[in-house]
Amino acid sequence: MANLSMNKPLRSMLAIAKQKLMPVVVINDVSQAEPLREALKQGGIFTAEVTLRTPNAIRIIQIMSEDPDFCVGAGTVLSSRDADKAQSAGAQFVVSPGLSIALVDECDRAAMPYFPGVATPTEIQRARDLGFSELKFFPAEALGGAQYLKAVVAPFHDMKFIPTGGINLTNVDLYLALPQVLAVGGSWIVSERLLATGNFSAITSFTREAVAQMNSHSS
Ligand code: 3PG
């Protein structure tokens with residue numbers, strides 16, 4: 001992130017690939033945006049997907065993106081209007097649960113990195129036909145976990161995936177062991193319970209633990 005002239009799309013891709021862990025955050029309390037960002041940074045995570053599942057999510061993206069060293073994306077984006085609002089607020093990437101042509105068009109127009117969700121070989125091939133090489137894989141555990149992901153992505157050797165859905169510290173290693181996994185996402189890193197109690201020191205500790213586990217895996 002030292003190269004300030006680097007364009008935002010490239011920066012967000014590098015941040016995700018470097019981080020390998022993507023907190024998927026459901027947050028509505030605007031006063032928690034800054035403390036959450038700082039808690040994640042102290043724990044060693046510099047990127048997060050803030051889901052548009054709460055009324056204040058866009059405002060929270062705006063606050064979290066005020067720090068140039070932190071890369072915030074918008075998750076659960078279901079319309080081009082929401083993608084546009086997220087980008088205006090400072091989001092550096094967009095994630096959706098499935099593949100939306102409206103979002104493909106909007107993110108293309110806005111030069112915004114977009115990670116559509118896929119679950120089957122047909123969906124992966126369709127996304128590939130549209131020019132995508134990095135996709136969200138959702139809902140990973142319900143689909144059959146790392147074993148299914150390994151089997152389904154085998155023919156798509158030139159594609160990378162960000163699995164989410166039911167992933168936690170007990171199964172994350174199985175996903176990170178797959179070469180086609182760009183990063184692993186999930187809400188387990190910032191739990192609703194810790195956010196509800198405003199326990200940011202616990203969020204930092206938990207983040208550190210997740211980063212340490214990931215590092216031990218890659219060493
Ligand atoms: C997502 O939007 O990626 C998922 O809801 C995250 O799934 P999880 O809450 O099971 O981690």
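Described in the following lines is the structure provided in the data block. (Residues numbered from 1 in each chain as written. Predicted model: local features only at pLDDT ≥ 70, side-chain atom pairs only at ≥ 80, totals over all residues. Heavy atoms only, no water.)

What to know about the environment of Thr 76
Inspection of the secondary structure assignment puts Thr 76 in the loop between strand S3 (71-75) and helix H4 (80-89). A relative accessible area of 17% means that Thr 76 is categorised as buried. Setting aside its immediate chain neighbours within four residues, Thr 76 contacts Glu 49, Thr 51, Leu 52, Arg 53, Val 95 and Pro 97. (Helix = DSSP H or I, 4+ residues; strand = E, 2+ residues; numbered from the N terminus. Buried < 20%, exposed > 50% of the residue type's maximum accessible area, 1.4 Å probe, protein only. Contact = heavy atoms within 4.5 Å.)

Comments concerning the packing of aromatic side chains
In total, this model carries three aromatic pairs according to the counting rule given. On the basis of an interplanar angle of 80° and a centroid distance of 5.9 Å, the ring pair of Phe 93 and Phe 115 is categorised as edge-to-face. Residue Phe 93 is located in the loop between H4 and strand S4 (94-96), and its partner Phe 115 is located in strand S5 (residues 114-118); the two are separated by 22 residues in the primary sequence. Among the residues examined, Phe 115 registers a relative accessible area of 2% and is labelled buried. Ring plane angle 80° and centroid distance 5.6 Å describe the contact between Tyr 114 and Phe 132, whose orientation is recorded as edge-to-face. Within this pair, whereas Tyr 114 is found in strand S5, its partner Phe 132 is found in the loop between helix H6 (121-129) and strand S6 (134-137), the two being separated by 18 residues in sequence. Looking at Phe 132, the relative accessible area reads 14%, which means it is buried. Its end group placed over the ring of Phe 138, Lys 136 keeps NZ or CZ at 4.6 Å from the ring centre. (Phe/Tyr/Trp six-rings, centres within 6.5 Å; stacked < 30°, edge-to-face > 60°. Lys NZ or Arg CZ within 6 Å of the ring centre and 35° of its normal.)

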